[in-house]
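Residues per chain, in single letters:
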Amino acid sequence: MPGIKAKRKQFVRKTLMRTKAQSQRTAEQRQESPEEYAQTEVQQGISDVVARTGNTAKSTARMSYRKFRAMQEKRKNLTLQGSTQSASKPTEKEKVTVPTQTERREMFKKQRFRQKAIAAKTQAPQAPVPSSATPAPPPCRVQMQQRLKLRIPEKFNFAFDIVDEYARLCPEKRALVWCNDKGEEKQFSFGEISRLSKKLAASLYKMGIRKGDFVMLIMKRRAEYWITYPALHRLGAVAIPATHMLTKKDVVYRNNAAGVKMIIAAQDENILEHVDAAMADSPTLEHRVLLGGAREGWESFDELLSEGDEGFVPPVRAGGDDPMLMFFTSGTTGMPKMVLHDFNYPLGHIITAVYWHKVLDDGLHISVADTGWAKCGWGKCYGQWIAGSAQFVYDYDGKFNPMNLITAVSRHGVNTFCAPPTIYRSLVKQDLSEIDFSSFTHFTTAGEPLNPEVFRRWREISGHRIFEAFGQSEGTPILGTYYFMEPKEGSTGKPNPLLNVDLVDEQGNSIGTGEEGLIVLRVGDGKP
């Protein structure tokens, strides 16, 4: 240790001697020609900055800034000395004050402001755009929108134009594969979904459900959900998916806010108790239908399904701009808000299924979500069936077990898999060495930011990347990493080409690349 200290002292001594010698040479140069000295110092400072590019950005910025301020002070002093003393030798040693961190921050702000001002002056003048006008989208998005357009049929209705059409063209085509944690399994073709949804629609019509009536569905992941929502679409009734975690207060709020006329619920004592308790405070609620079992005051779903007429045709066809589906938001910033979608809403999820999920015709897709959330509409109902992919549903009660899920998914040969980052985080902690990933072709996620470490770990385990997207209950994906893009860690993707997505400041003005802002959808040219 004494040897190290001695070497350190020797190094410091030599450094001080070199610095003293360099200062003496600098003073002599400054005395001979102040302007030449300043010019040489600037060039040397630039060389130092270039030489330091291998260091961290923070260190480079700090050092280059100090040299910049030092050069400014030296040039200022030399100019004053040259004007008053010609080129006489300075009587006092120059002093350069190193700015504080706050002063450096303010200097950088002023410098950026000056750069923007200079750039604005050099640009060609543009005609002022009224604040109410919709800014033109980027040329690349215009080109994409010209190539990708939705053809919306008149009075489009998902039940008639998708379910019944598949049943007519290929009735045996697989539509739904369902299993649960008890080992039970069911499978439905489009022909069966079409026939059963007609029978249920006929029975509900007899009970008084009409076009525009609101029906709440608290059905968890039961297979009958995929029969019920097409049945309501046939009638023109508005389906309200709801989570099984609702309390009495939540049920009352939704019943009165939407004027719910009927509730169809799964056999779950917690759900049934809350619905029964809400009856007294829900004047619009007329009917309760129980899926499985019997209960006083409740109609049997199984009986309604068996007694219905499979040749039923509603007297009025709903579609197009008619209301079809209502979501209640999660209520993160207040009471849950109602989000109403019309019959054209499923067409917007062609982007979801084809370009984000990358589903396969005659393939098998799973989106891990309860039927009570908007994610079910995104990934378990519309776009996937339009694209010809069957839905895989894993139903469970109680505590979620990630190994049971991935085992069931792998055993049934699922091709495309979508789950929130929480599920991926649970899965990467498991021993997945025995899981067969050969059937999988694509993985996606949404709901919250994906951790980069989970992204990398999943790729190591499965050999596949995860493609992320962002959206809300009010619409389809707003931003997405589509299958033809290269996923980037921490990036949600690029704007949906069917939407006019913009990034604005607090005043609603569009901002430039590299700036933070608010995501908005421009609707000046009409509803997207």
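As a starting point, this report considers the structure included with it. (Residues numbered from 1 in each chain as written. Predicted model: local features only at pLDDT ≥ 70, side-chain atom pairs only at ≥ 80, totals over all residues. Heavy atoms only, no water.)

1. With respect to the overall build of the protein chain
Step number 1: Helix and strand counts for the protein chain come out as 18 helices and 18 strands.
Step number 2: Here the protein chain holds 528 residues, and the buried ones make up 44% of them.
Step number 3: At a minimum sequence separation of 6, the contacts of the protein chain that also span at least 24 residues come to 67%.
Step number 4: Of the accessible surface of the protein chain, which amounts to about 28900 Å², a share of 52% is contributed by carbon and sulfur atoms. (Helix = DSSP H or I, 4+ residues; strand = E, 2+ residues; numbered from the N terminus. Buried < 20%, exposed > 50% of the residue type's maximum accessible area, 1.4 Å probe, protein only. Contact = heavy atoms within 4.5 Å. Areas by Shrake-Rupley, 256 points an atom, 1.4 Å probe, with all protein chains shown as cover.)

2. Some points on the pattern of salt bridges
Note on pairing: side chains with opposite charge can pair once their charged atoms come close.
Step number 1: Within the structure shown, the criterion is met by 26 salt bridges.
Step number 2: The salt bridge partner of Glu-224 is Lys-186, with a shortest N-O separation of 3.5 Å. You can see Glu-224 sitting in the loop between strand S3 (214-218) and helix H8 (225-235) and its partner Lys-186 sitting in strand S2 (residues 185-189), a full 38 residues away along the chain.
Step number 3: Given the relative accessible area of 15%, Glu-224 is considered buried.
Step number 4: The partner of Arg-288 in a salt bridge is Asp-276, and the shortest N-O contact between them spans 2.6 Å. On the criterion of sequence distance, the pair formed by Arg-288 in strand S6 (residues 287-291) and Asp-276 in helix H10 (residues 269-278) is long-range, its members being 12 residues apart.
Step number 5: Bridged by salt links that share partners, the residues Asp-181, Lys-182, Lys-220, Arg-222, Asp-268, Asp-395 and Asp-397 form one connected network. (Salt bridge = Lys/Arg side-chain N within 4 Å of Asp/Glu carboxyl O.)

3. As for the pairing of strand S8 (residues 323-328)
For a regular strand, the rule is simple: side chains alternate between the two faces of the sheet.
Step number 1: With five of its six residues buried, S8 lies for the most part within the structure.
Step number 2: Relative to strand S9 (residues 338-342), S8 runs antiparallel, the two being bridged by five bridges. When the bridges of S9 are listed, Phe-327 appears paired with Val-339. (Pairing = 2+ DSSP bridges.)

4. Observations concerning the pairing of S2
Step number 1: Bridge analysis of strand S1 (residues 174-180) against S2 gives five bridges, and the strand direction is antiparallel. Its bridge partner being in S2, Leu-176 is matched across the sheet by Phe-188.
Step number 2: Taking the residues between adjacent antiparallel strands as the criterion, S1 and S2 are bridged by four residues, where Gly-183 takes a positive phi near 90°.

5. Notes on the packing of helix H7 (residues 190-206) against H8
Step number 1: The contact between H7 and H8 brings their axes to 8 Å, and the two run at 60°. Taken together, H7 and H8 sit at an angle that is classed as oblique. In this structure, H7 crosses over H8, and the sense of that crossing is right-handed. Residue-level inspection shows Ile-193, Ser-194, Leu-196, Ser-197, Lys-198, Leu-200, Ala-201, Leu-204 and Tyr-205 of H7 in contact with H8, the latter providing Trp-226, Ile-227, Thr-228, Pro-230, Ala-231, Leu-232, Arg-234 and Leu-235.
Step number 2: Tallied by class, the residues present in the contact of H7 with H8 amount to 12 nonpolar, three polar and two charged. (Axes fitted to C-alpha atoms, helices over the stretch in contact; angles between N-to-C directions. Parallel < 35°, antiparallel > 145°, perpendicular 65-115°, else oblique. Left-handed = near helix turned anticlockwise from the far one by under 90°. Nonpolar A, V, L, I, M, F, W, Y, C, P; charged D, E, K, R; others polar.)

6. Here we look at the environment of Lys-527
Step number 1: With respect to the helices and strands, the residue Lys-527 is situated in the segment after strand S18 (518-521).
Step number 2: A residue is classified by how much of its surface remains accessible, and Lys-527, at 67% relative accessible area, is exposed.
Step number 3: Sequence separation of Lys-527 and Leu-499 is 28 residues, and the distance between their C-alpha atoms is 9.3 Å.

7. What to know about helix H6 (residues 158-169)
Step number 1: Compared with the 16 Å implied by 1.5 Å per residue over 12 residues, the 15 Å span of H6 between its first and last C-alpha is a close match.
Step number 2: Restricting attention to buried positions, one finds in H6 the residues Phe-158, Ala-159, Phe-160, Ile-162, Val-163, Asp-164, Tyr-166 and Ala-167.
Step number 3: In this fold, the buried residues of H6 make contact with H7, H8, helix H12 (345-348) and helix H15 (382-386).
Step number 4: Among the residues of H6, the N-terminal cap falls to Asn-157, whose side-chain oxygen and the backbone nitrogen of Ala-159 are separated by 2.9 Å. (Expected span 1.5 Å × (residues − 1). Polar contact = N/O pair within 3.5 Å; in protein donor to acceptor, adjacent residues only side chain to side chain.)

8. Quick notes on the packing of aromatic side chains
Step number 1: Inspection of every chain in the model, using the stated rule, returns 27 aromatic pairs.
Step number 2: Ring geometry for Tyr-229 against Tyr-382: centres 5.6 Å apart, planes inclined by 70°, an arrangement best described as edge-to-face. On the criterion of sequence distance, the pair formed by Tyr-229 in helix H8 and Tyr-382 in helix H15 is long-range, its members being 153 residues apart. Note on accessibility: Tyr-229 and Tyr-382 belong to one class, buried.
Step number 3: A connected cluster of aromatic rings, assembled from ring pairs, spans Phe-158, Tyr-166, Phe-190, Tyr-225, Trp-226, Tyr-229, Phe-327, Tyr-345, Tyr-382 and Trp-385.
Step number 4: One cation-aromatic arrangement involves Arg-210 over Tyr-205; the distance from NZ or CZ to the ring centre is 3.7 Å.
Step number 5: When the ring centre of Phe-328 is taken as origin, the NZ or CZ atom of Arg-254, which lies over that ring, is 5.0 Å away. (Phe/Tyr/Trp six-rings, centres within 6.5 Å; stacked < 30°, edge-to-face > 60°. Lys NZ or Arg CZ within 6 Å of the ring centre and 35° of its normal.)

Geometric descriptors of this kind do not, in isolation, establish any biological role.
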